[in-house]
Amino acid sequence: MEMVEFKSGADTCKAVLTRPAGVQGSTPLVVMAGGWCYTKEIVMPWYGKFFEELGCATLRFDYRRFGESTGEPRQHINPWDQIEDYRNALTFAESLPGIDKSRTGVWGISYSGGHVLIVAALDSRAKFAISTIPVVDGYQTMRRVHGETRFAMLNRMILEDRRARFQGKPSGRMPMSPEKDPNLELTSWPFPHVYSGFAGIKAKEAPRHEHWNTIESVELLLQYKVAPFCERIVETPVMMTLAAGDNITSADLEAETFNAITNPNKAFASVQGVDHMSLYTNRDHLGKVGKVQSVWLKETLAQMAG
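Residues numbered from 1 in each chain as written. Predicted model: local features only at pLDDT ≥ 70, side-chain atom pairs only at ≥ 80, totals over all residues. Heavy atoms only, no water.

**Observations concerning the overall build of the protein chain**
Put simply, the rule is: Each helix corresponds to a stretch of at least 4 residues labelled H or I by DSSP, and each strand to a stretch of at least 2 residues labelled E; elements are numbered beginning at the N terminus. Based on C-alpha atoms, the radius of gyration is set beside the globule rule, defined as 2.2 Å times the residue count to the power 0.38. With a 1.4 Å probe rolled over the protein chains alone, any residue whose accessible area is under 20% of its type maximum counts as buried; one over 50% counts as exposed, and the rest are partly exposed. The protein chains shown are the only cover counted for residues, whose accessible areas, like all others here, come from Shrake-Rupley with a 1.4 Å probe. When charges are counted, neither His nor the chain ends are considered; positive counts come from Lys and Arg and negative counts from Asp and Glu. The location of each charge is read from NZ of Lys, CZ of Arg, CG of Asp or CD of Glu.
Along the backbone of the protein chain there are ten helices and ten strands. For the protein chain, the C-alpha radius of gyration of 18 Å lies close to 19 Å, the compact-globule estimate for 306 residues. A principal-axis box enclosing the C-alpha atoms of the protein chain has dimensions of 55 × 40 × 40 Å. For the protein chain, the residues scored as buried account for 58% of the 306 residues in total. Carbon and sulfur atoms provide 51% of the accessible area of the protein chain, an area that totals close to 12,600 Å². Across the protein chain, 34 positive and 35 negative side-chain charges occur, with their mean positions spaced 1 Å apart.

**Examining helix H5 (residues 192-204)**
The condition that has to hold: Here the expected length of a helix is defined as 1.5 Å per residue gap, with one fewer gap than residues. Any two residues having at least one pair of non-hydrogen atoms within 4.5 Å are treated as being in contact.
Taking 1.5 Å as the rise per residue, H5 with 13 residues should run 18 Å; its terminal C-alpha atoms sit 19 Å apart, in good agreement. In the core, the buried residues of H5 are packed alongside helix H9 (278-281).

**A word on the pairing of strand E4 (residues 57-61)**
Operational definition: Paired strands are those between which DSSP finds at least two bridges. Handedness of a crossover is defined as follows: with both strands directed away from the viewer, a clockwise route from the first strand across the helix to the second makes it right-handed.
Within E4, five of the five residues are buried, which leaves the element mostly enclosed by the surrounding structure. With burial as the criterion, each face of E4 is covered, one bearing Ala57, Leu59 and Phe61 and the other bearing Thr58 and Arg60. With four bridges joining them, strand E2 (residues 11-18) and E4 adopt antiparallel strand pairing. Within the sheet, the bridge partner assigned to Val16 lies in E4 and is Arg60. Note: strand E3 (residues 27-33) against E4, four bridges, orientation parallel. What sits directly across from Met32, in E4, is Arg60. Remark: the E3/helix H1 (residues 44-52)/E4 crossover connection has right-handed handedness.

By themselves, these observations are geometric and do not establish any function.
Here it is, written out as structure tokens:
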């Protein structure tokens with residue numbers, strides 16, 4: 001394991017590079033980043049182990065403004081900046097010795113599960129994309145998880161924040177999820193089990209995780225939709241993995257987006273007996289998805305090798 005860094009815009013993204021032991025020659029690479037308010041310690045090492053067992057290197061990075069990476073304002077989530085961070089990670093990967101550029105791809109989970117589909121549409125250097133429980137339609141997702149009444153309250157808060165920013169003030173901050181009753185305060189993702197899940201992760205393996213974001217981050221999420229990019233995925237192999245019946249990122253929206261991918265070389269797996277948060281907190285559930293993805297990637301890499 002090697003600590004590395006690369007430039008992304010005016011900032012520096014900090015990353016961890018792993019290489020498989022005892023592998024001769026150039027190795028495939030999986031570029032990995034997290035979802036909403038994630039740092040590189042959150043579940044990526046666990047999923048990465050499945051790829052490392054295949055003989056792949058992994059590059060796990062913190063987006064700008066998160067974790068060990070530089071950038072202000074902290075905890076501000078601009079999806080297009082994060083997509084640029086992925087693409088700059090691919091540029092950095094081109095400079096690494098011992099990496100097979102023809103078998104370098106991207107992996108993402110939740111918000112980044114959507115990002116990697118956009119990266120696959122925009123950047124031919126991503127030779128495969130693995131999308132895990134992706135956020136694919138910010139507007140519909142927020143409307144569903146908040147409900148009509150609180151969604152209207154959320155929009156009023158966003159407009160108030162926009163007026164404050166117009167006056168030169170920084171965007172306000174809001175919790176990622178509520179500790180207890182979701183009706184007591186507006187949060188980005190109104191699920192107490194999300195709070196408890198990430199509290200456990202922070203205590204055990206991701207001390208740099210901060211459970212809040214700027215209000216503007218949610219405004220940008222409302223503008224985010226992945227499907228229009230999917231018709232541009234013509235040649236890149238894609239796997240999308242869902243938690244069956246996911247009520248956070250909405251399994252039906254994910255399936256619709258998968259169907260929009262043009263390339264017939266694509267795979268879809270709806271994994272039973274897991275849910276969105278259990279793919280972070282339950283190692284057995286994580287293992288189910290990790291195994292499905294590693295089997296697909298093994299076959300895909302073999303096809304690339306000819």
